[in-house]
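Chain residues, written in single-letter form:
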Amino acid sequence: MSPSHLKWYAWCCILVGHVCISALSLTSEQHISSGTVSEDWMKGLGSHISDISDGSESSTSTYVATMLSSPLNKPVSCEDLEGVGSFNTTCLLNSNLSFYSDLHICGTGNLEILPHVSLICPLEGCMITFNMSGNVKIGQFAAIVAGSVVFVAANLTMEYNSSINTTSLGGPPPSQTSGTPVGYEGGGGGHGGRGASCLKNNQTSFWGGDVYTWSKLSEPWSYGSKGGGTSTKHPFGGNGGGRIKLQVKDMLYLNGSVTVEGGDGGTTGGGGSGGSIFIHAVKLKGYGTISAAGGRGWGGGGGGRISLDCYSIQEDVKVTVHGGLSIGCPGNSGAAGTYFNADLLSLRVGNDNITTETETPLLDFSTTPLWSHVFVENSAKVLVPLLWTRVQVRGQVSLYRGGSIIFGLSEFPVSEFELVAEELLMSDSIIKVFGAFRVAVKMLLMWNSKIEINGGGNTIVTSSVLEVRNLIEMRHKSVVSSNKNLGVYGQGLLKLTGHGDTIKAQRLSLSLFYNVTVGAGSLLQAPTDDDASRKVVTKSLCDSKTCPLDLITPPDDCHVNYTLSFSLQICRVEDLLVHGVVKGSIVHIHRARTIIIATDGRITASELGCSKGIGKGNYLNGAGSGAGHGGRGGSGYFNGRVSNGGNEYGDANFPCELGSGAEDANHSYGNVVGGGMIVMGSIQWPLLRLDVYGSLSADGQSFDKAARNDNGTLIGGLGGGSGGTILLFLQELRLLAKNSSLSVVGGKGGPRGGGGGGGGRVHFHWSKIDFRDEYTPFASISGFINRSGGDGDDGGRHGYDGTITGKKCPKGLYGTFCKECPVGTYKNVDGSDARLCTPCSVDLLPRRAGFIYVRGGVTHPSCPYKCISEKYGMPNCYTPLEELLYTFGGPWPFAILLSCILVLLGLLLSTLRIKLVESCSPDRAGSVEDHNHHHHFPSLLSLSEVRGTRVEETQSHVHRMYFMGPNTFREPWHLPYSPPDAIIEIVYEDAFNRFIDEINSVAAYDWWEGSVHSILSILAYPCSWSWKEWRQRNKVHRLQEYVKSEYDHSCLRSCRSRALYKGMKVGATPDLMVAYIDFFLGGDEKRLELVSIIQKRFPMCIIFGGDGSYMSPYNLHSDSLLTNLLGQHVPETVWNHLVSGLNAQLRMVKHGCIRTHLIPVINWINSHANPQLEFHGVKIELLWFQATASGYYQLGILVIVGDYPLQSVHQSNTWYRSNNELPRSNSAFASKCLKQMQQSWPYVGHALSIKRITGGINGGLINVTTLRSMEYKKDFLFPLSLLLNNTRPIGRQDTLLLLISVMLLADLSVTLLMLLQYYWISLGAFLAVLLILPLSLLSPFLAGLSALFSKENRRASLARVYALWNATSLSNIVVAFICGIFHYSFSFFQPPDQSNTWNIRREDDKWWLLPTVLLLFKLIQARFVDWHIANLEIPDFSLFCPDPDAFWALEAGT
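Residues numbered from 1 in each chain as written. Predicted model: local features only at pLDDT ≥ 70, side-chain atom pairs only at ≥ 80, totals over all residues. Heavy atoms only, no water.

### Quick word on the packing of helix 9 (residues 989-1003) against helix 11 (residues 1021-1046)
Axis separation between helix 9 and helix 11 bottoms out at 9 Å; the angle between their running directions is 150 degrees. One finds that helix 9 runs roughly antiparallel with respect to helix 11. Here helix 9 and helix 11 pass one another in a crossing that is right-handed. Residues Phe995, Glu998, Ile999, Val1002 and Ala1003 of helix 9 touch helix 11, and the partners they reach there are Lys1035, Arg1038, Leu1039, Tyr1042 and Val1043. Classifying every residue of the contact of helix 9 with helix 11 gives seven nonpolar, no polar and three charged. (Axes fitted to C-alpha atoms, helices over the stretch in contact; angles between N-to-C directions. Helix = DSSP H or I, 4+ residues; strand = E, 2+ residues; numbered from the N terminus. Parallel < 35°, antiparallel > 145°, perpendicular 65-115°, else oblique. Left-handed = near helix turned anticlockwise from the far one by under 90°. Contact = heavy atoms within 4.5 Å. Nonpolar A, V, L, I, M, F, W, Y, C, P; charged D, E, K, R; others polar.)

### Digging into the state of the cysteines
Applying the stated criterion across every chain yields a total of nine disulfides. In this model, Cys809 is linked to Cys818 through a disulfide, with the two sulfur atoms separated by 2.2 Å. One disulfide, between Cys809 and Cys818, carries an S-S torsion of -95 degrees and so falls in the left-handed class. Here Cys809 and Cys818 have matching classes, each one buried. Across the disulfide from Cys821 sits Cys837; the S-S distance is 2.0 Å. Its torsion about the S-S bond being -65 degrees, the disulfide of Cys821 and Cys837 is classed as left-handed. Here Cys821, found in the loop between strand 66 (819-820) and strand 67 (825-826), pairs with Cys837, found in the loop between strand 67 and strand 68 (838-839); they are 16 residues apart in sequence, far enough to count as distant. Here Cys821 and Cys837 have matching classes, each one buried. (Disulfide = S-S within 2.5 Å. Buried < 20%, exposed > 50% of the residue type's maximum accessible area, 1.4 Å probe, protein only.)

### Topic: a nonpolar patch on the surface
Residues Leu387, Trp388, Leu409, Phe412 and Val414 make up a contiguous nonpolar surface patch of roughly 510 Å² in combined accessible area. Looking at the secondary structure, you find Trp388 in strand 26 (residues 388-392). (Patch = residues over 30% accessible without salt bridge, like charges linked within 9 Å, V, L, I, M, F, W, Y side chains within 5 Å. Areas by Shrake-Rupley, 256 points an atom, 1.4 Å probe, with all protein chains shown as cover. Salt bridge = Lys/Arg side-chain N within 4 Å of Asp/Glu carboxyl O.)

### Looking at the packing of aromatic side chains
Aromatic ring pairs are reported here in terms of the distance separating the ring centres and the angle at which the planes meet. Using the criterion set out here, one finds 30 aromatic pairs in the structure. Plain terms: the ring middles of Phe764 and Phe817 are 5.1 Å apart, the flat faces sit at 55 degrees to each other, and that makes the pair tilted. Remark: Phe817 occurs in the loop between strand 65 (813-814) and strand 66 and Phe764 occurs in strand 61 (residues 761-766); sequence separation between them is 53 residues. The exposure classification of Phe764 matches that of Phe817, with both residues buried. Seen in terms of ring centroids, Phe992 and Phe1079 are 6.4 Å apart; in terms of plane orientation they differ by 50 degrees. Their pairing is tilted. Here Phe1079 lies in strand 73 (residues 1075-1080) and Phe992 lies in helix 9, a separation of 87 residues in the sequence. Its end group placed over the ring of Phe236, Lys226 keeps NZ or CZ at 5.2 Å from the ring centre. Across from the ring centre of Phe1080, 5.9 Å away, lies the NZ or CZ of Lys1065, which sits over that ring. (Phe/Tyr/Trp six-rings, centres within 6.5 Å; stacked < 30°, edge-to-face > 60°. Lys NZ or Arg CZ within 6 Å of the ring centre and 35° of its normal.)

### Focus on helix 3 (residues 531-542)
Between the first and last C-alpha of helix 3 there are merely 14 Å, a value that for 12 residues lags more than 12% behind the 16 Å anticipated at 1.5 Å per step. All of the buried residues in helix 3 are Ser533, Arg534, Val537, Thr538, Leu541 and Cys542. The arc that holds every buried residue of helix 3, seen down its axis, measures 145 degrees, which confines them to one face. Here the buried face of helix 3 lies against strand 38 (507-511), strand 44 (586-590), strand 52 (671-672) and strand 53 (677-680). (Expected span 1.5 Å × (residues − 1). Arc of directions from axis to C-beta.)

### Quick word on the nonpolar core
Counting 92 residues, the largest nonpolar core has Phe437, Ile603 and Leu690 as the members making the most contacts within it. A total of seven residues in this core trace back to one element, the largest contributor, which is strand 31 (residues 430-447). Those residues within four positions of Ile603 in sequence are excluded, and the remaining contacts are Val578, Val582, Val587, Ile589, Ile595, Ile597, Ile678, Met680, Ser695, Leu696 and Ser697. Core analysis: the next-biggest nonpolar cluster, separate from the first, contains 65 residues, Met1111, Leu1313, Tyr1318 and Ile1321 among them. (Core = buried A, V, L, I, M, F, W, Y, C linked by side-chain atoms within 4.5 Å.)

### Some remarks on the sheet that holds strand 71 (residues 957-962)
What holds strands together in a sheet is hydrogen bonding between their backbones, with the strands either parallel or antiparallel. Reading across the sheet, the three strands line up as 71-73-72 and stay open at both edges, with antiparallel pairing between neighbours. With one partner strand each, in any of the chains shown, strand 71 and strand 72 (1064-1068) form the two edges of the open sheet. Each neighbouring strand pair of the sheet contributes to a mean axis angle of 25 degrees, computed without reference to strand direction. Both strand 72 and strand 73 contribute to a ladder of five bridges, which runs antiparallel. Each bridged residue has a counterpart across the sheet, and for Val1066 the counterpart in strand 73 is Ile1077. (Pairing = 2+ DSSP bridges.)

### Some details on the environment of Tyr853
Relative to the helices and strands, Tyr853 is located in the loop between strand 69 (849-851) and strand 70 (865-867). Considering only alpha carbons, one finds Tyr853 and Cys863, 10 residues apart in sequence, at a separation of 9.7 Å. Non-local contacts of Tyr853, meaning those with residues more than four positions away in its chain, are made with Glu820 and Val823. For Tyr853, the side chain forms a polar contact with the side chain of Glu820, separated by 2.4 Å. (Polar contact = N/O pair within 3.5 Å; in protein donor to acceptor, adjacent residues only side chain to side chain.)

Functional significance is not addressed by these values, which are geometric in nature.
This is the structure:
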């Protein structure tokens, strides 16, 4: 109570005393008679009122205390109250007024009570009424004091520190109420809440005055009650609070206070209870206070009642109905009153965090209309004491900050209560229920709160039900507990968030939730921790040997009742996630979809089974044996006495029993309890999946304390309890974590000889075992399943292991988890024994095969298998090549059959060739010249046959000037700048040098021609050779066309030659390796000059064609011009035969072996050629000519006519060269050759140089001595020369062609077989063999056919191309060997397949056969083709006759 109120209270006591002395007479409506107050008392009263006023503030009002004693029940005017104005316009009250009768003010205008003005009626129950149509304003520090105050106005404004106060001025409460306590305990008065009584203890509840006017909750209009007294001298405590009614049409602006608090009873009495406040307004704003608090006293008074009927209420308005403080018992204040929001239809009971043990009874709840919300907060305690009560609201029932609701009476826990709301919200609060409790809400949120349901010991109390449709979330140690049956139903989420969150009951059923989450540290438990609760639940099962049907085929309704066997049931829950503990004697999870037990989660029935049971352990004179279940209990041993363990019981294939315990006969040493039972799913509704990361257990209890005899000596302890039962009806099990466990372990025996408990039973009743193609593994075990018996102690025996069984597996599957039989075994009967998986026979298993995994296992003796690689073909695991071979009986029959076919095809091919080619070929007989022209290189057109060669051209021929260089893209043909001596007299030297520049530029190749040749050399060498031949032929044609048509012959001195363009002609050898220019006389030279020029024809140099390679062997090409020129000295037949014999020797000369291969040529010249030619005055010598800067030189012969002194050639001039010409390779080579020549040749003083002899062509003589100094270069294709050789002819051409035809077909066949083999190895190997080099592998067959069926003039050339393709294809064979070695190495080092240990991995190790056979065929073909080419190019075998006479005799015969 504020100090100002205390002063007013003291002033009122003085005033009442003066009134009694004066014996004033009041009307019948007044409760106290009084006389006229004396003038001195009035003056004192006025000064007292003046003291109450705040002297620090000035005011325009005049403070005059006026005592009005006449009856004022009739309306008064503004002037009667010493105000200014009128109530029908505006009235300003500026004087303090005090009166002793009811006051009624009414009008149609406005009323303003100026600041610091007080209107006081200090009598209990005195009423002041303001009925104004306009606005009412109460100024600052203004006060209206009376027992009842009523305001009716359009708008009401209460300024700062203004007040309407009826504290401790309440009249008598309604009749037949017990608001004032009886007796002299000093209890507080009751009204909205009970008054406190300090006699309350833990056993019996006491309170002071009781509540009343519950029915007037929405419009309270009752006085508060007086507090009780402590003696006859002080029969009453503080007065009750008064009544205030504010009816405002629009807005109530409240910055002051509206109070109806109870009076202070002090230490001699209880506090009065709060009165009543009813406010009706559209808007309530401000920062003021509305209070109906109870008064302070020995026992605090109860709070009053407040009802606000306002559409809009500003939250800053403070409303309080708390009970008064108790002096006699500070922790038990008066109970809170009620605060009712009539607009929202919400009830709020709050005690402003003042501790109390006294309840606020809520006697009834409106049904029409339903309330929206009920709030119990700030340490308020609400009691619903009826036998049956339905609490139904449209919105929330909220308990905050220490609020509590108690349903029923603790002495009579037989009531039934219903709570129906949208939400039940609890924070730091508690709900206690004595009886049964049924909740129907959409949402239940709990924070550090409790719901405690106490059904007492009465069995008639029905089960409690929490039906929460959407969400139950419990946080921060929230607890829902019941010592009876409890059902928690919902359709959404049940979440126990963390540590301490608990739901427990004697029997607990959770059902119809979409998801149940048990957080870390949370607990679901049934029964409760006491043994009595456990025994109630387990009694029927411990004494029965039959399976309870409600666990195997449970009802679908999922309702909790006494007849069901389970203690904790989770029914019709989609997903269950356990991070905490789910604990129960009989845990039954029914019609769930998935269960996940997290790493820190447990579902346990350990130590919650039977105290005795069917397999109970025995105790005999200190020897305690373990209980039995799935395994027999261990025997106990003590001082030579043995106690047999408990027996096994139950069906291992369908267990449904609790574990048994053990106890002594006198129950002196306590007892041990067996494991409980966990049942998940049912036959009709199996569990979809169980994931266990934590533990699932039903272990027996261990006895770990020492037992003592009556005399205090230690004796043997009890045995361990047996493990319980875990019965799982499910589709899939996953023990995923390494430490996850599923256990039914027996308990350990007690000290001094206790036997261990037997293990329990685990059974997996798989609901759906798919087999064969539909099989999927339904068990993944990374943790462990423990069924072991408990350990014995000090002579006590271990308990026997329990059982782990599963549903009988169909064919192909075995074991508890119905796994597939191991690979290589089959099972064709139903059962789970691993011995039923019989090993498959390996006799019919192919060499490269292994038994394979079959989904669902193998159900018949013919076990399926597959090849060790997909590259092998079923059913025999052959390669494609082997499939082909074994189709015809095997490798040898296939080889013989293929050989026959190839021979037949070869004969057919030869016959066809003879029909198509030989019949069209010209007669092989002919002249020697024809042989020279057509058999050496029939595929090359003779470009040396310069058109128009006539006798006169032979006579006018002056000199043949040869191009230098090999005619390649790197080094094309070119002519030296110095004109030879033979033509120096017929040309202008300057013009000739310009001609040399022009002709050399024409002879050069473009860059792209060499680039194409380089690319083709890498990809397909035969194609590069054909490309080079084509470009060389075009180059020769271009040179001929240039000299014949484009060049003006301006270098010639002859006018006739310049005019007719006939002084020069370009020619070349058929192999396009040597080109030359023939110079002719014009016919208009002088006679002397003509004779001089003709005499210079000899000695004549003839350069060999070819370069000593396989495709272009050395050869001497003698065209008509040379033949005619030499025919002047040697007969034509002799010369032609000599050329043929010399070419036969030259074709076998290899450039890479020129030192050794030229010796037979030199010997042949010395033995066959020169002896015959010397007879005609002619001699030939072998020379090298025209060395270039790159080291390339040409070979040829020097034809000497007459007795030209060749032997007197001077050594110093032999190797003469010009400044612009280098030796064959380098200067070292030149000096070396010079040194050798000096040693071998005699010094002749008049010797001539070779250059002078040849008319300006540099070169050197080749003999046996100079051969040693000759150097040569070997290119990268030199190894092919070992395979490709120009040999001597062997004859038998038809047989040779037949063999070539057969080998060609065999080559193609083996090539295709090898490609098939490598395609089997890998696509990469196949492509590598086929494309490295591209076209090389298959082109030999096409090239061979082209060569076989070609015409006579191109046959030798195409045969050489065929040989070149055949040699190039060796690169593909090399690649084949490399790929084969890599493949075989990879297969050899690859680890074997562990699943097929009986069948060693055997890859194909014969891969090398076909490449080797093909290589042999290639080598044989190469030799056959060499012989074939030799037969074509050298049809006359006599050319190799070693006897010179015989050689020339054959020439004479021709």
